[in-house]
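Residues per chain, in single letters:
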Amino acid sequence: MAIFKSGVIFEGVDTQAANAWRLAAYEARGGYAALKKILQGAMPQDEVIAEVKNSGLRGRGGAGFPTGLKWSFMPRAFQGDKYVVCNTDEGEPGTFKDRDILRFNPHALIEGMIIGGYAMGCRAGYNYIHGEIFEAYEQFEEALDEARAAGYLGSNILGSGFNFELYAAHGYGAYICGEETALLESLEGKKGQPRFKPPFPASFGLYGKPTTINNTESFASVPFIIRDGAQKFLEAGKPNNGGTKLFSVSGHVNRPGNYEIPLGTPFSELLEMAGGMRDGKKLKAVIPGGSSAPVLPGDVMMGLTMDYDSISKAGSMLGSGAVIVMNEDVCMVRALERLAYFYHEESCGQCTPCREGTGWLYKVIHRIANGQGRPGDLELLDSVGNNMAGRTICALADAAVFPVRSFTKHFRNEFEYLIEHGKPLVNHKWC
Amino acid sequence: MLEIEIDGKKLTAPQGSTVMEAAHSIGTYIPHFCYHKKLSIAANCRMCLVEVEKAPKPLPACATPVTDGMKVHTHSSMAKTAQAGVMEFLLINHPLDCPICDQGGECQLQDIAVGYGKGESRYQEEKRSVPGKDMGPLVSAEEMSRCIHCTRCVRFTEEIGGFQEIGMANRGEFSEILPFLGKTVTSEISGNVIDLCPVGALTSKPFRYSTRSWELSRRKSVAPHDGLGANLIVQVKQNTVMRVLPLENEAINECWLSDRDRFSYEGLNSERRLKNPKIKFDGKWHDTDWETALNYVVKGLNGVSADHGKDAVGFLVGARSTTEELYLAQKLARAFGVANIDYRLGRSDFSADALRQGGEWLGLPVAELSALDALLVVGSTLRSEQPLIAARLRQAARKRLKLSVVHVADDELLMNVYGKLVAAPQNLAAALAQVLKALVEIKGGDTAIDLASVEVSAEAGQIAQSLADGEKGAVVLGALAQQLPNYASVYAVAQEIARVSGGRFGVLSDAANSAGAEAVGALPKDGGANAAEMFATPRKAYFLMNTEPEFDAYDAAGAVAALKQAQTVIALTMFDSEGLADYADVLLPIAPFSETAGSFVNMEGRLQSFNGVVKPLGETRPAWKVLRVLGNLLQLDGFGFNSAEDVRAELLAAGSIESRLNNALSEARADVSTKAATVRVGEVPMFAVDAICRNAPSLQATEHAAAPVALMSADLYASLGEPADVLVAQGGAEVRMGARVDAGLAAGCVRVAAASQDTLALGGRFDAIEIKRG
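Bear in mind that the values here come from a model prediction, so they are computed numbers and not experimental data. (Residues numbered from 1 in each chain as written. Chains lettered and ligands numbered in written order. Predicted model: local features only at pLDDT ≥ 70, side-chain atom pairs only at ≥ 80, totals over all residues. Heavy atoms only, no water.)

**Some details on a nonpolar patch on the surface**
All names here are of chain A.
Part 1 of the reasoning: On the surface, a nonpolar cluster with roughly 270 Å² of combined accessible area is contributed by Phe65, Leu69 and Phe73.
Part 2 of the reasoning: Within the secondary structure layout, leucine 69 lies in helix α4 (residues 67-72).
Part 3 of the reasoning: Looking at leucine 69, the relative accessible area reads 33%, which means it is partly exposed. (Patch = residues over 30% accessible without salt bridge, like charges linked within 9 Å, V, L, I, M, F, W, Y side chains within 5 Å. Areas by Shrake-Rupley, 256 points an atom, 1.4 Å probe, with all protein chains shown as cover. Salt bridge = Lys/Arg side-chain N within 4 Å of Asp/Glu carboxyl O. Helix = DSSP H or I, 4+ residues; strand = E, 2+ residues; numbered from the N terminus. Buried < 20%, exposed > 50% of the residue type's maximum accessible area, 1.4 Å probe, protein only.)

Written as structure tokens, this is what we have:
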């Protein structure tokens, strides 16, 4: 898959060119100008944070928390090490945008992290990279070497007296390590399990030090904001939803891939960009923000715009921007069974409701999907889900429950039919 | 203080405390599994979810800090729904095999399920099954399907034990609690995970399937091994000790027990217990009755003293006897006119005896160890000698305590060690002298010890600085130090360090009643021979109480030789041991701590009394009764006691325990020169400290009780060409044993364990030794 539409991050990136990711190409596109603007023009830390705040950049990892506000939580007066950490542990089914940032424009991320480090007074940063994209990890290491050699990393960067080092670390394929405190545990060399909060990472993060964790896309958006100004970024999207956003479109479309488009673009336009439905089939359902976002029926989606507020109003989440498109040949019971299996497999096992509940949900759905459903199973799923959601340390249990609730709500007839007749209403066709 | 409200009750709670702690302070119970007051907060079981007003979701009481004005509901509909939901999840994969589970009747899951669970399960799917694990001979992990993943055991090994020997592998429903692959659990305090496990996943292997918990009665007692005096709950069924659990005492053992204290009870039920008196004649042993046996003893004692004088009789007593027994033994000896009595069989240097002002003890309360700023531990194989003191210091060293060690080896203490000096046994005083010299320079004090030849290393300077800086400091001597041939010098220098730094000074009393033996005077005074002299100049008669000198004496071979030449060896003993059978001629069965009333004085000078928890086995009698009758048969005055309490009252009437303990020497003199030599480091293995441990099968099955190998310092090992086995020789006896390197051991040393069947032929524990390739 590739990048099919470019916004603030991919503007001018020729994804077909073998060296587009290299430092020289990045600098030719105006890369590291933002860093120079800050360090050589001596832009104060507060101003950098204010600029990011004004841009309306919201966290691109899924929660949509305003990035500038998060940066301002870092204790300014704290003496000692502070860290900036990038979360490239992109494990959500349907999401593949951060991988492409590493593949095609890694220096945007590096520059964004250096700026973040400068703004928050950190001397070191880490990028934690998903274990399954090892080539991207290796290439990122090479990009880091380029940045070091060019003097963008290390001591006295660009003669400013600012020191910053950036390290890459790769995970081993645990979805839970995308949860920021599990990521920190894993980065420290421990088993990746979420920490109980409070304390939050801003006061007790990596190695117990104040830490800010942002998504890859968030960091990679920062150079644009500093170079071209918050206003221009904001204008690229819509109010409270600043900038363009990467959408990973997958499923039954003609041209799956990443689309970096202004927030607020109608879903119908995105679907069109993606070449429309494959084989002219009818749109049945869409998961608009990665596998843990509630599914929405196709007709509902066609009336929505792709931004945090609009999707949220319709009862789902923009999440990481992973748009999973399903056509009329999808058996929604089978689809949910696959998702439930994923959460059953990926629960860290720490909290009782999630450890036991994800397995229970999967086993019941698996039974229904195989014609062994029983009356009362849907109520049971609902009740088990209620006992899981909001009862655990992290949100994985909630993420496991959302699809169950939304699939059984919007497509209840398919579940009921299967339970009653022992065979599916829709004969599922794997693509 | 913050004002909060729990279930409508108003209370104040300190800033930083949790809802769980606040609830406990007013007696409100919140169900929980993973929470434990001594462990870090995991907040993973989710059983303690409660409603907090203004919070949208139920919050875990164990991890939620109290805030001013907080209103908590532990029984609201939100709280109850959440708790019932978690309970259901905990049970869906639990095997519910309570009828055959050892935890049945004392299971937190069972108890809480009664209050928060439903009568039947909605879970109709297949249950998870988890393969059992091998955690060694003490902890059973056979039924891991019962595990509820609370991770208490994991946190215990890491936080209290100092090393995460148990972990949770895999994810989600496939998570499993297990030790390192191919390893077992070897911590000296591993048994505590059995108490911590809220279900029947980790259970006691020796106790497994032996009885149901509700058939046991609980009796209080005191641990009879190390000088800590851990408080015990001994569980008894049909006059048999079935199990030992900790009795919580924050000032002593907190809520923990060492494996030695927990599992040694098997020795009490050993087949090798002596059940009736025995006399040897014509080279054969014959069972007899008490009257015959006691008359034999009286005749023997009277005969030897008539023929050879009272000085031909020696009394050797074990320091794991009760205070009352030790008091009566010394009273009997002295009333009979024998000045030769000693409890210190394991020692070799008695040269400071004349300078002593009172009995040795820790010099401060055990609990105060936790509040020290600086501590210097000298000559202690700490984790083996004092497992729970080590655990206590581990906690303290995480906070403010700067813990330093001067020892013969750089052993892994599994805790933060601030400074360390490693020196061969004969050079330990010299190493300490470095610290003293540095301290004198820092503090500008002065000392009577000649330090001219001492060169101060950087490390010694650092240790001295920590002692000088600490507001509360202390220097303590371990069991290893106490056995050294230059103990008096080590003692004097250590005491000077404490004096100059303004800190406390004491010894980590080795045995359960070492301090008691000191207090009642079970050691020679007025010209009597000490333990070493009694063996070096053999006596015609030996009176042994609760000791097996081949295991307990400093020089095993020398002790046995002396005993073998005696006309009579009278042994008051719990066990019919091979050694006693060889050199003794009369065996009198005496009761262990579990079968008699008595008391132990722990290292901090605390007298802890206890009652027998079961009746004496067979014809066994409490030693105090045996001594009373002997006193009467020997026609001595003052043996008309009716109970152990009578004995205690008499010994305490002469002065409190406290008034008899004093570590001061009348003058400080020490030899701080260094010598090069090949020296044995003959420590007593953790589970060989006394006859009860030595007869406890499960302890003896652990790797701590494996056959000894020669652990050689790197220089020795290399000089012999890294042999697989060696011949070690002392005093003409040679023993062949496996050899390995011990990289942390001081140069020129070889660890050859004492108190082992395999090394009985060897001599002094810390004397010169020869090693050669076999």
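There's more to say after this.
**So, the pairing of strand β25 (residues 586-589) of chain B**
All names here are of chain B.
Part 1 of the reasoning: Both faces of β25 are covered, namely the face carrying Val586 and Leu588 and the face carrying Leu587 and Pro589.
Part 2 of the reasoning: With two bridges joining them, strand β14 (residues 278-281) and β25 adopt antiparallel strand pairing. Across the sheet, residue lysine 278 finds its bridge partner in β25, namely leucine 587.
Part 3 of the reasoning: In the sheet, strand β24 (residues 568-573) pairs with β25 via four bridges, with the strands oriented parallel. The residue of β25 that forms the bridge with threonine 573 is proline 589. (Pairing = 2+ DSSP bridges.)

**Observations regarding the side chain of arginine 212 of chain B**
Residues and elements named next belong to chain B.
Part 1 of the reasoning: Tracing the backbone shows arginine 212 in the loop between β10 (203-204) and β11 (217-222).
Part 2 of the reasoning: For the buried arginine 212, no salt bridge is present, and the opposite-charge side chain at shortest range is aspartate 102, 5.7 Å distant.
Part 3 of the reasoning: A polar atom in the side chain of arginine 212 sits 2.7 Å from the backbone oxygen of cysteine 101.
Part 4 of the reasoning: Leaving out residues up to four positions away in the same chain, arginine 212 has contacts with Cys98, Pro99, Ile100, Cys101 and Gly104. (Lys, Arg positive; Asp, Glu negative; His and termini not counted. Polar contact = N/O pair within 3.5 Å; in protein donor to acceptor, adjacent residues only side chain to side chain. Contact = heavy atoms within 4.5 Å.)

**Description of the pattern of salt bridges**
All names here are of chain B.
Part 1 of the reasoning: For the structure on display, the rule yields 79 salt bridges over all chains.
Part 2 of the reasoning: With a closest N to O distance of 2.2 Å, arginine 356 and glutamate 518 form a salt bridge. In this pair, arginine 356 is assigned in the loop between β17 (341-342) and β18 (374-378) and glutamate 518 in helix α16 (residues 514-520), connecting sequence segments 162 residues apart.
Part 3 of the reasoning: As a salt-bridge pair, aspartate 410 and lysine 420 come within 3.1 Å of each other at their nearest N and O atoms. Note that aspartate 410 is positioned in the loop between β19 (402-407) and β20 (419-422) and lysine 420 in strand β20, a separation of ten residues in sequence.
Part 4 of the reasoning: Using a relative accessible area of 37% as the deciding quantity, one classes aspartate 410 as partly exposed.
Part 5 of the reasoning: Members of the salt-bridge network, linked through shared partners, are Asp342, Arg344, Arg347, Asp353, Arg356, Glu360 and Glu518.

**A look at the UniProt feature "domain: 4Fe-4S His(Cys)3-ligated-type" (unreviewed entry) in chain B**
Part 1 of the reasoning: Taking the numbering used here, the UniProt-annotated feature "domain: 4Fe-4S His(Cys)3-ligated-type" (unreviewed entry) corresponds to residues 78-117 of chain B.
Part 2 of the reasoning: What you have in residues 78-117 of chain B is 60% helix and 0% strand, and the ends, taken at the C-alpha atoms, are 16 Å apart. (UniProt positions renumbered as here; feature names shortened; annotations may be inferred.)

**Examining helix α7 (residues 134-149) of chain A**
All names here are of chain A.
Part 1 of the reasoning: Under the 1.5 Å per step criterion, the end-to-end length of α7 is 23 Å for 16 residues, consistent within 8% with the ideal 22 Å.
Part 2 of the reasoning: Within α7 the residues assigned to the buried category are Ala136, Tyr137, Gln139, Phe140, Ala143, Leu144, Glu146 and Ala147. Each buried residue of α7 lies within a common arc of 165° when the element is viewed along its axis, so the set occupies one face. For α7, the exposed residues lying more than 90 degrees away from the buried face are Glu135 and Ala149. (Expected span 1.5 Å × (residues − 1). Arc of directions from axis to C-beta.)

**Looking at the sheet that holds strand β6 (residues 244-251) of chain A**
Residue and element names in this part refer to chain A.
Part 1 of the reasoning: In spatial order, the strands read β1-β7-β6-β12-β9-β10; together these six strands make up an open sheet with mixed pairing. In this open sheet, the two edge strands, each paired with only one partner strand, are β1 (3-5) and β10 (296-297).
Part 2 of the reasoning: Of the strand pairs in this sheet, β6 and strand β12 (residues 322-327) are connected by four bridges, and their pairing is parallel. Bridge pairing links serine 248 to alanine 322 in β12.
Part 3 of the reasoning: Taken strand by strand, helix α5 (residues 97-104) contacts β1, β6 and β7 (257-262), and its axis lies near 115° from that of β6. (Axes fitted to C-alpha atoms, helices over the stretch in contact; angles between N-to-C directions.)

**Description of the packing of helix α14 (residues 332-346) of chain A against helix α18 (residues 412-421) of chain A**
Residues and elements named next belong to chain A.
Part 1 of the reasoning: Between α14 and α18, the least distance of the axes is 9 Å, while the angle of their chain directions is 95°. Taken as axis vectors, α14 and α18 run roughly perpendicular relative to one another. Along the contact surface, α14 presents Met332, Val333 and Leu336, while α18 presents Glu414, Phe415 and Leu418.
Part 2 of the reasoning: Here the contact of α14 with α18 is composed, by residue class, of five nonpolar, no polar and one charged. (Parallel < 35°, antiparallel > 145°, perpendicular 65-115°, else oblique. Nonpolar A, V, L, I, M, F, W, Y, C, P; charged D, E, K, R; others polar.)

**A look at helix α22 (residues 644-653) of chain B**
All names here are of chain B.
Part 1 of the reasoning: Residues Ala644, Val647, Arg648 and Leu651 constitute the buried set of α22. For α22, the angular spread of the buried residues around the axis is 100°, confining them to a single face.
Part 2 of the reasoning: Check the buried side of α22 and you find it contacts α9 (323-336), α16, β26 (598-601), β27 (607-610), α21 (623-633) and α23 (657-660).

**Quick notes on the nonpolar core**
Residues and elements named next belong to chain B.
Part 1 of the reasoning: In this structure, Leu332, Phe543, Met545, Leu572 and Leu588 are the most contacted members of the largest nonpolar core, which totals 78 residues.
Part 2 of the reasoning: Those residues in contact with leucine 588, other than ones at most four positions away along the chain, are Leu274, Pro277, Trp290, Ala293, Leu294, Val297, Ile570, Ala571, Leu572, Thr573 and Val626.
Part 3 of the reasoning: Leu91, Met135, Leu364 and Leu375 belong to the second largest nonpolar core, which has 73 residues in total. (Core = buried A, V, L, I, M, F, W, Y, C linked by side-chain atoms within 4.5 Å.)

**A few points about the domain arrangement of chain A**
Accessible area lost during the coming together of the parts is what is often quoted as the interface size.
All names here are of chain A.
Part 1 of the reasoning: Partitioning chain A into structural domains gives domain 1 (3-236), domain 2 (244-327) and domain 3 (332-421).
Part 2 of the reasoning: On a C-alpha basis, the centroid separation for the pair domain 1 and domain 2 is 26 Å.
Part 3 of the reasoning: Interface area for domain 1 against domain 2, summed over the two sides, is near 2100 Å², with a carbon-plus-sulfur share of 52%.
Part 4 of the reasoning: Linking domain 1 with domain 2 are two salt bridges, by the criterion used here.
Part 5 of the reasoning: Where lysine 245 meets glutamate 217, a salt bridge forms, and the shortest distance between an N and an O atom there is 2.8 Å.
Part 6 of the reasoning: Counting across the interface, domain 1 meets domain 2 through 17 residue pairs in polar contact (both at pLDDT 80 or more). (Domains from an automatic or database assignment. Buried area = accessible area lost by both parts, 1.4 Å probe.)

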